[in-house]
Structure formats: C-alpha cells, structure tokens
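What follows is the residue order along each chain.
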Amino acid sequence: MKILKFGGTSVGSAQRMREVAELIHAPHLDRRIVVLSAMSGTTNSLVEIARLLYSGDAAAAEARITFLQQRYHEVARELLGGQADALLPTLDQNFQTLHDLTAAPLSADGERVVLAQGELLSTRLVHAYVTEVLGRPAVLLPALDFMRIDTDEEPDAPAIRERLATTLAPYATAPLFITQGYICRNAQGSIDNLKRGGSDYSASLIGAAVGAEEIQIWTDIDGLHNNDPRIVKGTYPIRELSFDEAAELAYFGAKILHPSSVLPARQHGIPVRLLNTMQPDAPGTLISAKTGAEAIKAVAAKDGITAINVKSSRMLLAHGFLRSLFEIFERYRTSIDMITTSEVAVSLTIDDAGRLPQILAELRRFCTVEVDENQSIICLVGNLLQDAHGSANRAFTALRNIPVRMISYGGSPNNISILVSTDDKVRALQALNEGLFRR
Ligand code: ASP
Ligand code: MG
C-alpha cells in the first residue's frame, strides 16, 4: 500500500482536482490511500466563520457560509458537469451542519465541527469525480471512523491501527481509497483535528498504521529546497535527506512539510517522498534512513522567536540552577528551542510567547532577565559528522557582517542553529547561500 497526500493548493480548483484524479486513478498503480486537505482557503474561511460565531455575529457568519456554499456549488458544476446535481445535496449536508451551528453560541466542540467541513467537502468532490466521471472504483474512507487522538491530544497509534484495519477489512481488493487529512475524533469521541497543516501528519500516521511501502506528500513545489525559495534566488531541491535532517528542516521553517509528520515514518522506517503535482515526473525529495553526502544540505529560518537572557550571580559555581530555570518553562508548558550558557548566564529561545509574562515574573524573582523579541533562528541542516571540508567555517565566514545573537552547535549532529534579529534574516539567508551553495 502507498499513501499519497495532496495539499490544499493541489485540490484548490476543479482543474487541480482533475489533475489529482489523473495521478491517482490509473489501474496499474499500487494499492493506495489518498489523503486530501481542504481546498486552499477553505480552512481559513472556516476559522473566520468560527471567529464570527464566537464574537456573536451570527448574521456575518451566515453570509460567509452562504458565500462558501455558492463557491462549492460552482466548483462541483465545473468538476462534474451534469453529474453535479447528484452530489449537491450531499455537499449541502455539510453546509447545513454549518448553518445549524449559527443558531446558538459556539462551543469549542462546535468550532471543531466547523473546521472539519473543509476536508469532508474536498474528499466528496474528488471521490465523485473519480467514480462518476472517470468511472473508476474508489472507496471514500471516513477519517472520523479511524483517526484518534488521546487525552493529551496526541495521536493514538494503536487505536488508529486497529480501527483502520476494521475500516479497510471489507475492501480486501479495492485499489484506491480516498480519505480526509487533518480531521479525527478525540478521547471523548467528539470531532477534533490535528491542528493547522495536519494533513501531512494524517498521511504519515495512516502510513504507519498500515505499514505502507511509501508515503508521498504532493504539493506545488518539487521537494524540500536547500534554502527558502521565497527569499533566495537559485535554490534547488535536495534529492535525499535522512529522517532527522528532514525533521529539523520542517521544524525550522521549511513550510512544505508538517514537522510531526516525519516521526511516525521514521519510527516505522517508511520512506517519505515529496513530489510536485505540477511536475509529476520530477524526482522531488526522498526522506529515508539514508542521507546524501553533503555536510550542509540546507538552511531554513524560523521567525517569531523570543530570546530570553537570564543572569544570576547565584549561578556561579552552583548546581541545580538550570533545573530551577527549566522548571519554570515546564510549569507554563512552553518549550525551549535553543539554549547557550556561560558560567553566569543562560540565553534561551521560545517560539510561543503566550505565557511569557508569567514566566518572566517567576524568573525575575531570582535572576536579572533581558528579553529580545522579533528574532529568527537560522538553521543549518546536514550531516555535520561528515564536515571534513569546513562547511561550518564557511557558514560563519559568510555571516561575518551580520550580528549574531546566539549560536548552538553540537547539540545534534544534524543541526547548527544561529539566532539573528528578524531584520537581518533575509541578508543572512542570502549570505549563507553565497557561502555554502554557490555552484
Ligand atoms: N486544511 C487544514 C489546514 O489548512 C489541514 C491541512 O491542509 O493540512 O490547516
Ligand atoms: Mg500543508
């Protein structure tokens, strides 16, 4: 079995849905489970509808729902032609669910029901096109029957495996399944989701649950690039990455892959291939246990970072200081990305500043604290154990004119993290490109 996941832009219009159908319907392909995102823009609209309902503006929410409904009718007509009429009542059930939710104040459960509609709609459309227009067999698998998260909101892998096996059992020879990314049920059995961008994670969890041969993530770019193509000219796709390298890159800014999605694949040794719907024959990026030879393969940047510097004379020659420091972050469930220390001071970074005021108040009880907002982590990813050619040295030389706030080297053999002010990020990425990847 192979898993093929298509993102929002890949199913973003009737035309794009037809192109996806071309890639998945052919009878000679391996058995496959196709995981779809919502059409691009839909989840954002649903977030906005939920926001309007929370703010008590039911009329505005109604208007947005009706607008979306009309848009889906148009897409259905364009995609299915005369066969659209048979599907419209089914699509309207999803919209009725939304309309019904405008009658009363929105609850957190209601919000999750709102957010779930996008993937339910996109899968219905593509499934109808494959079966009705192309006349190919395809089974629409309801993700809500098997995707589960536990009380910590983490995927419940054993439950997913068991339920998916039961869901698939009646279709022992079916060649093609289509299911929703992103949506799931929680420990209470209510509709929930794997958070924004979670469809990649769905694909990887499904791949792990069925022991897939390969997980393919189809987007509109030809793989993970060696640098941010929105900022730097002349980037190129990396052919091969190890699971660890891909996880670091995804976490530190490469937008094309959800960072958690690497974990289930790595755990089960399932290769992940990143492919481009616009250029289906391009090799893309292969993520597996193997890695290519280059020491530094890519750089990525993550914005919205807050740096916290903590100084205490008590730290001098004392033990247990770091523990009391980390306990504060632990108490406020805030994770730390980078850390550097000297004998009397510690600098660390967080990307979620939601609990920062409480954290600072506690830190100030025993330390002097300085905070720098608007920082970016520049992450160099590769196999640094193989850095026989001075790549790290070239990277630092390239950054000679850029003020560097922190450097973290040696924590992992796959990563060097460098903290700069976000104002310097573009310059830093360009300088690194010149210094490391000029061909
Ligand atoms: N539709 C969801 C989102 O936009 C999930 C996904 O596309 O991965 O976040
Ligand atoms: Mg995505």
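Sequence order as written defines the numbering, with residues in each chain counted from 1. Each chain gets a letter, beginning with A, and each ligand a number, beginning with 1, in the order they are written. A pLDDT threshold of at least 70 governs which residues receive local features in this predicted model, and a stricter bar of 80 or more applies before side-chain atom pairs are shown or counted, although totals over entire chains, interfaces and linings include all residues. The side-chain quantities take in all heavy atoms of the structure and omit both hydrogens and water.

What about the site of ligand 1?
Short version of the rule: We call a residue near a given molecule or strand whenever any one of its heavy atoms falls within 4 Å of it. Pairing of N or O atoms within 3.5 Å defines a polar contact, subject to two protein rules: one partner must be a possible hydrogen donor and the other a possible acceptor, and residues neighboring in sequence count only if both atoms are side-chain atoms. Method for areas: the Shrake-Rupley scheme with a 1.4 Å probe, in which residue coverage is limited to the protein chains shown. Ten residues, namely Ala, Val, Leu, Ile, Met, Phe, Trp, Tyr, Cys and Pro, are considered nonpolar, four, namely Asp, Glu, Lys and Arg, are considered charged, and the remaining ones, Gly among them, are considered polar.
Ligand 1 sits among Ser37, Ala38, Thr43, Glu119, Tyr182, Arg196, Gly197, Gly198 and Ser199. Residue arginine 196 places a side-chain N or O atom 2.7 Å away from an oxygen atom belonging to ligand 1. Take serine 199: an N or O atom from its main chain is 3.0 Å from an oxygen atom of ligand 1. Relative to its free-state accessible area of 260 Å², ligand 1 is covered by the protein chains to the extent of 86%. Per-class residue counts for the shell around ligand 1 are two nonpolar, five polar and two charged.

Let's talk about the environment of tyrosine 129
The cut-off we apply is this: The way it works is that DSSP assigns letters per residue, a run of H or I at least four long becomes a helix, a run of E at least two long becomes a strand, and they are numbered from the N terminus. Accessibility here uses a 1.4 Å probe with only protein chains present; expressed as a share of the type maximum, an area under 20% marks a residue as buried, one over 50% as exposed, and anything in between as partly exposed. When checking whether two residues touch, look at their non-hydrogen atoms; a contact exists if any pair is within 4.5 Å.
With respect to the secondary-structure elements, tyrosine 129 resides in helix 5 (residues 108-133). On the basis of relative accessibility, which here comes to 9%, the residue tyrosine 129 falls in the buried class. Apart from the residues within four sequence positions on either side, tyrosine 129 is in contact with Arg18, Ala21, Leu79, Leu80 and Leu134.

Some remarks on the packing of helix 1 (residues 14-25) against helix 5
Operational definition: Only the contacting stretch of a helix is used when fitting its axis, a line to C-alpha atoms as for every element, and angles between N-to-C directions run 0 to 180 degrees. Any angle that falls under 35 degrees is termed roughly parallel, while one over 145 is termed roughly antiparallel, one within 65 to 115 roughly perpendicular, and all others oblique. Crossing handedness is defined as follows: a turn of the near helix away from the far one that is anticlockwise and smaller than a right angle gives a left-handed crossing, while the clockwise case is right-handed.
With their axes 10 Å apart at the nearest point, helix 1 and helix 5 run at an angle of 60° to one another. Of the possible angle classes, the one that applies to helix 1 and helix 5 is oblique. You can see that helix 1 and helix 5 cross each other, and the crossing is right-handed. Note on element contacts: helix 5 touches helix 1 through Ser122, Leu125, Val126, Tyr129 and Val130, opposite Met17, Arg18, Ala21, Ile24 and His25. Class assignment for the residues of the contact of helix 1 with helix 5 results in seven nonpolar, two polar and one charged.

As for the nonpolar core
Quick note on the threshold: Residue types Ala, Val, Leu, Ile, Met, Phe, Trp, Tyr and Cys, when buried and joined through side-chain atoms within 4.5 Å, form a set referred to as a nonpolar core.
Phe6, Ile24, Leu125, Met147 and Ile178 are the most contacted members of the largest nonpolar core, which totals 102 residues. Discounting residues that sit within four places of it in the chain, phenylalanine 6 has contacts with Val11, Val20, Leu23, Ile24, Val34, Val35, Leu36, Ser37, Trp218 and Thr277. Within the second largest apolar cluster, 22 residues are counted, among which are Val232, Ala398, Leu399 and Leu436.

Thoughts on the side chain of threonine 277
Here threonine 277 lies in the loop between strand 9 (272-276) and strand 10 (285-288). By relative accessible area, threonine 277 is classed as buried at 6%. Of note is the side chain of threonine 277, whose polar atom sits 2.8 Å from the backbone oxygen of threonine 219. Setting aside residues no more than four positions away along its own chain, threonine 277 makes contact with Phe6, Ser10, Arg16, Val20, Leu23, Trp218, Thr219 and Asp220.

A word on the sheet that holds strand 15 (residues 406-412)
Threshold: One bridge is not enough; two strands pair if DSSP finds at least two bridges between them.
Strand order in this open sheet of six strands is 12-13-11-14-16-15, and the pairing throughout is antiparallel. Of all the strands in the sheet, the pair left with one neighbour each is strand 12 (336-341) and strand 15. Averaged over all pairs of adjacent strands, the angle between their axes in this sheet comes to 30°, without regard to strand direction. As paired elements, strand 12 and strand 13 (residues 345-350) share four bridges and run antiparallel to each other. The residue bridging threonine 340 from the neighbouring strand is serine 347, located in strand 13. The strands touched by helix 13 (residues 425-437) within the sheet are strand 11 (296-311), strand 14 (368-382) and strand 16 (415-421), with strand 11 carrying the most contacts at an inclination of about 140°.

Here's the deal with the pattern of salt bridges
Threshold: Think of a salt bridge as a Lys or Arg side-chain nitrogen and an Asp or Glu carboxyl oxygen that are within 4 Å of each other.
As enumerated under the stated definition, the model contains 18 salt bridges in all. A salt bridge links glutamate 214 to arginine 273; the nearest nitrogen and oxygen atoms lie 3.2 Å apart. Here glutamate 214, found in strand 7 (residues 214-219), pairs with arginine 273, found in strand 9; they are 59 residues apart in sequence, far enough to count as distant. A relative accessible area of 9% means that glutamate 214 is categorised as buried. Here aspartate 372 ties to arginine 405 by a salt bridge, and the two come within 2.7 Å at their closest N and O atoms. Taken together, the residues aspartate 372 in strand 14 and arginine 405 in the loop between helix 12 (391-398) and strand 15 connect sequence positions 33 residues apart. Classification of aspartate 372 as partly exposed rests on a relative accessible area of 27%. In this structure arginine 405 comes out as partly exposed when scored by relative accessible area, which is 28%. Overlapping salt bridges, with partners in common, bring together Asp109, Arg112 and Asp192 in one network.

Section: the sheet that holds strand 4 (residues 176-180)
The strands making up a sheet associate through hydrogen bonds between their backbones, and the pairing can be parallel or antiparallel. With respect to topology, eight strands assemble into an open sheet ordered 3-4-2-1-7-9-10-8, the strand pairing being mixed. Of all strands in the sheet, those with a lone pairing partner are strand 3 (139-141) and strand 8 (240-242), marking the two edges. Across the sheet, the axes of successive neighbouring strands diverge by a mean angle of 20°, strand direction being ignored. Both strand 3 and strand 4 contribute to a ladder of three bridges, which runs parallel. For leucine 140, the partnering residue across the bridge sits in strand 4 and is isoleucine 178. Across the sheet, helix 1 is in contact with strand 1 (2-6), strand 2 (32-36), strand 4 and strand 7; its angle to strand 1 comes to roughly 175°.

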